[in-house]
Amino acid sequence: MNIDIRDLALLAPELALIVTALVFILAAAWVQSSSLFSGLTVLAALIAGVASYLLLPADPITGFGEMIVVDDYSQFFKVVIASALAVVTLLSVSQADDERFRPAEYHALLLLAATGMMFAASAIDLLTLYLGLELTTLCSYILVGISVEKPASNEAAIKYFLTGSFASALLLYGIALTYGVTGGATGFVAISRALSSSDAGSSYILLAAIGLLIGGLAFKVAAVPFHAWAPDAYTGASAPIAAFLATASKAAGLAALGRVCIVAFQSESGVLSVVLSALAGLSIIVGSVIALSQTDMKRLLAYSSIAHAGYALLGFIAGTTEGASATMTYAFLYVFMTLGAFGVVIALGERGGRLDGFQGLAAQRPGMAALMLLFLLSLTGIPPTAGFAAKFVVILSVVRAGNVTLAVVAVVCSVISAFVYLRVAVLMYMKEPTEPEPSRCPPAVSAALAVAALVTVIGGVLPGSLTSWAVAPDAVLTIMGVR
């Protein structure tokens with residue numbers, strides 16, 4: 001593998017996060033200022049996001065022996081991940097003292113987890129992809145259980161670790177089978193070339209490899225039936241970490257899944273369409289229906305994220321440029337409306353963790369209630385919010401692919417989810433408060449909520465203005481002469 005030192009420039013966003021994380025680790029023994037670490041983390045996230053945007057190339061650029069690629073697709077998801085990191089860091093400010101965790105280690109883990117996500121978004125080799133996802137997952141295990149004095153947090157971390165280890169084994173086994181059936185290829189382009197020029201496509205081993213790879217990646221986005229870890233992990237983790245897993249981690253998983261399906265296994269689009277249709281349909285149905293019975297807000301939002309993972313997968317089913325762009329649009333808008341909902345939960349403190357804690361909120365905090373209503377309407381998919389635009393583009397891509405049945409299922413489950421979200425609105429606006437008025441929202445959390453609300457509104461009124469550079473990941477195949 002030929003490596004040029006200039007390839008490091010391609011990793012400018014990741015290096016910004018890594019350097020900051022290493023500085024935090026070295027300074028942990030002398031500095032304990034949570035606000036300082038939070039500010040520097042937000043700054044590093046902004047630098048990474050700006051660097052990702054500035055590095056947008058006219059054509060895909062590969063580096064490190066064709067292990068990573070810088071293209072519109074990877075940079076889009078890096079901006080999404082960096083944005084989620086910045087917002088989650090702001091949301092963490094109010095809980096830093098309450099949770100009593102060490103701020104340097106906490107923020108270093110957030111930075112390293114985001115670094116792994118960015119590597120996964122840029123990966124065009126199965127080994128690079130695996131390493132990026134594992135860096136993310138290992139940091140996530142620790143973040144879920146970082147509140148060591150809380151039994152629920154420890155239990156959630158153990159469950160997450162056990163199920164995550166199983167998913168990693170699936171992914172590794174899938175990589176091994178792919179390596180064997182393609183004659184020693186791990187690069188996405190090499191895999192695509194090998195499958196296009198041989199009869200490996202008819203091999204049962206290849207089908208097993210695809211199933212194992214998709215299963216391992218489906219775990220990362222919490223798609224049914226690989227979703228069982230999410231409700232327990234979200235409930236046991238602190239609310240900012242639950243928000244991080246529900247947004248940034250899911251975006252990274254979608255980025256990896258799209259690249260694998262559309263670049264590496266483009267010749268197996270028929271098989272992938274069936275598998276992804278099953279994952280999407282089950283996720284939408286299970287997430288929407290089980291959310292009906294939830295009374296814990298983090299658990300309710302966990303099942304909401306499972307359903308939304310299904311909606312996001314709809315765009316990949318057709319295997320087209322339009323479908324991939326639809327999923328990218330969905331991922332971007334979903335991140336902000338979900339962060340906003342979690343932000344209100346965090347702002348309300350212990351009261352926000354319970355469904356009945358929202359009772360009478362409009363009479364006590366009308367501004368907070370209005371923000372929560374905005375995010376709930378967006379999660380439901382009601383115009384003119386970003387959620388409507390996001391659902392419209394992915395369902396339209398499924399209809400154009402000829403899968404009308406799945407589109408009908410998606411629409412019906414949107415109606416079911418309306419009851420899930422709007423019952424919170426009923427409690428806020430149609431019930432009298434039974435609890436003391438919540439304390440004022442910290443400035444950092446207010447800033448995070450303002451950003452989330454702004455994107456949610458603009459994404460609904462002018463949806464193309466925020467995601468106009470959402471493009472499919474397959475341009476690298478043309479550049480490298482595969483088609």
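Below is a short write-up of the structure. Computed from a predicted model, the values in this text were never measured in an experiment.

### Considering the overall build of the chain
Here comes step 1: When you go through the chain residue by residue, the secondary structure sums to 21 helices and two strands.
Here comes step 2: The C-alpha radius of gyration computed for the chain amounts to 21 Å, which stays within 12% of the reference 23 Å derived for 483 residues, consistent with globular compactness.
Here comes step 3: Seen along its three principal axes, the alpha-carbon backbone of the chain occupies a region of about 70 × 55 × 40 Å.
Here comes step 4: If you take every contact in the chain between residues at least 6 apart in sequence, the share linking residues at least 24 apart comes to 81%.
Here comes step 5: Of the charged side chains in the chain, 21 are positive and 26 negative; the average position of the first set lies 6 Å away from that of the second.

### Concerning the environment of T247
Here comes step 1: Locating T247 in the fold gives a position in helix α11 (residues 239-264).
Here comes step 2: You can call T247 buried: its relative accessible area is 0%.
Here comes step 3: Sequence separation between T247 and I81 is 166 residues, and the spatial gap between their C-alpha atoms is 8.2 Å.
Here comes step 4: If near-sequence neighbours (up to four positions away) are discounted, T247 is found in contact with A84, Y334, V335, T338 and L339.

### Some points on the pattern of salt bridges
Here comes step 1: Under the definition given, this model contains nine salt bridges.
Here comes step 2: The shortest N-O distance in the salt bridge between E155 and K159 comes to 3.0 Å. One end of the pair, E155, and the other, K159, are both in helix α7 (residues 151-181), four residues apart, so they sit about a helical turn from each other.
Here comes step 3: Assessed through its relative accessible area of 35%, K159 is described here as partly exposed.
Here comes step 4: The salt bridge involving R354 is made with D356; its shortest N-O contact spans 3.1 Å.
Here comes step 5: Of the residues examined, D356 reaches a relative accessible area of 43% and is grouped as partly exposed.

### So, the packing of helix α12 (residues 269-290) against helix α18 (residues 404-430)
Here comes step 1: Where α12 meets α18, the closest approach of the two axes is 9 Å, and the angle between their N-to-C directions is 20 degrees. Taken together, the axes of α12 and α18 lie roughly parallel to each other. Once α12 is placed against α18, the crossing between them reads as left-handed. Of α18, the residues touching α12 (which contributes S277, G281, I284, I285 and S288) are L406, V409, A410, C413, I416, S417 and V420.
Here comes step 2: Here the residues of the contact of α12 with α18 sort into eight nonpolar, four polar and no charged.

### A closer look at helix α13 (residues 297-317)
Here comes step 1: The end-to-end C-alpha separation of α13 is 31 Å, in line with the 30 Å expected for 21 residues at 1.5 Å each.
Here comes step 2: Counting buried residues along α13, 20 of its 21 residues qualify, which places the element largely inside the surrounding structure.
Here comes step 3: Two to three positions downstream of the cap, the backbone nitrogen of K298 sits 3.0 Å from a side-chain oxygen, assigning the N-cap of α13 to D296.
Here comes step 4: Residue G319 follows α13 closely and has a positive phi angle near 70 degrees.

### Considerations on the side chain of T115
Here comes step 1: Among the structural elements, T115 can be located in helix α5 (residues 103-122).
Here comes step 2: Those residues in contact with T115 that sit more than four places away from it in its chain are E14, L17, I18 and L135.

### Here we look at the nonpolar core
In globular proteins that are soluble, nonpolar side chains generally tend to be buried together.
Here comes step 1: Grouped together as the largest cluster of nonpolar side chains are 163 residues, with contacts concentrated most on L129, F265, L314 and F358.
Here comes step 2: The dominant element in this core, judged by the number of residues it contributes, is α11, at 19 residues.
Here comes step 3: Residues within four places of F265 in sequence aside, it is in contact with T178, I191, L195, L206, I210, L213, V260 and L272.
Here comes step 4: In terms of nonpolar packing, the next biggest core, distinct from the first, is built from six residues, L11, F64, V70 and F119 among them.

### Quick word on the packing of α7 against helix α10 (residues 229-236)
Here comes step 1: The contact between α7 and α10 brings their axes to 8 Å, and the two run at 150 degrees. When the axes of α7 and α10 are compared, the pair comes out roughly antiparallel. Classified by chirality, the crossing of α10 by α7 is left-handed. On α10, the residues touching A152, S153, A156, K159, Y160 and T163 of α7 are W229, D232, A233 and G236.
Here comes step 2: Here the residues of the contact of α7 with α10 are counted per class, giving five nonpolar, three polar and two charged.

### Concerning the packing of aromatic side chains
Here comes step 1: Overall, the coordinates contain 13 aromatic pairs when judged by the stated rule.
Here comes step 2: Between F76 and F332, the aromatic rings sit 6.0 Å apart at their centres with planes inclined by 50 degrees, giving tilted as the arrangement. Here F76 is found in helix α3 (residues 72-92), whereas its partner F332 is found in helix α14 (residues 321-347), with 256 residues between them in sequence.
Here comes step 3: On the accessibility criterion, F332 (9% relative accessible area) is buried.
Here comes step 4: Taking 5.3 Å as the distance between ring centres and 50 degrees as the angle between the ring planes, the aromatic pair formed by F332 and F336 counts as tilted. Residue F332 and its partner F336 are both found in helix α14; the two are separated by four residues, about one turn of the helix.
Here comes step 5: Of the aromatic side chains, those joined through ring pairs into one cluster are Y141, Y160, F161, F219, W229 and Y234.
Here comes step 6: The ring of Y311 is capped by K391, whose NZ or CZ atom sits 4.4 Å from the centre of that ring.

Thresholds, definitions, all that
- Residues numbered from 1 in each chain as written.
- Predicted model: local features only at pLDDT ≥ 70, side-chain atom pairs only at ≥ 80, totals over all residues.
- Heavy atoms only, no water.
- Helix = DSSP H or I, 4+ residues; strand = E, 2+ residues; numbered from the N terminus.
- Rg over C-alpha atoms; globule rule 2.2 N^0.38 Å.
- Contact = heavy atoms within 4.5 Å.
- Lys, Arg positive; Asp, Glu negative; His and termini not counted.
- Charge placed at Lys NZ, Arg CZ, Asp CG, Glu CD.
- Buried < 20%, exposed > 50% of the residue type's maximum accessible area, 1.4 Å probe, protein only.
- Salt bridge = Lys/Arg side-chain N within 4 Å of Asp/Glu carboxyl O.
- Axes fitted to C-alpha atoms, helices over the stretch in contact; angles between N-to-C directions.
- Parallel < 35°, antiparallel > 145°, perpendicular 65-115°, else oblique.
- Left-handed = near helix turned anticlockwise from the far one by under 90°.
- Nonpolar A, V, L, I, M, F, W, Y, C, P; charged D, E, K, R; others polar.
- Expected span 1.5 Å × (residues − 1).
- Polar contact = N/O pair within 3.5 Å; in protein donor to acceptor, adjacent residues only side chain to side chain.
- Core = buried A, V, L, I, M, F, W, Y, C linked by side-chain atoms within 4.5 Å.
- Phe/Tyr/Trp six-rings, centres within 6.5 Å; stacked < 30°, edge-to-face > 60°.
- Lys NZ or Arg CZ within 6 Å of the ring centre and 35° of its normal.

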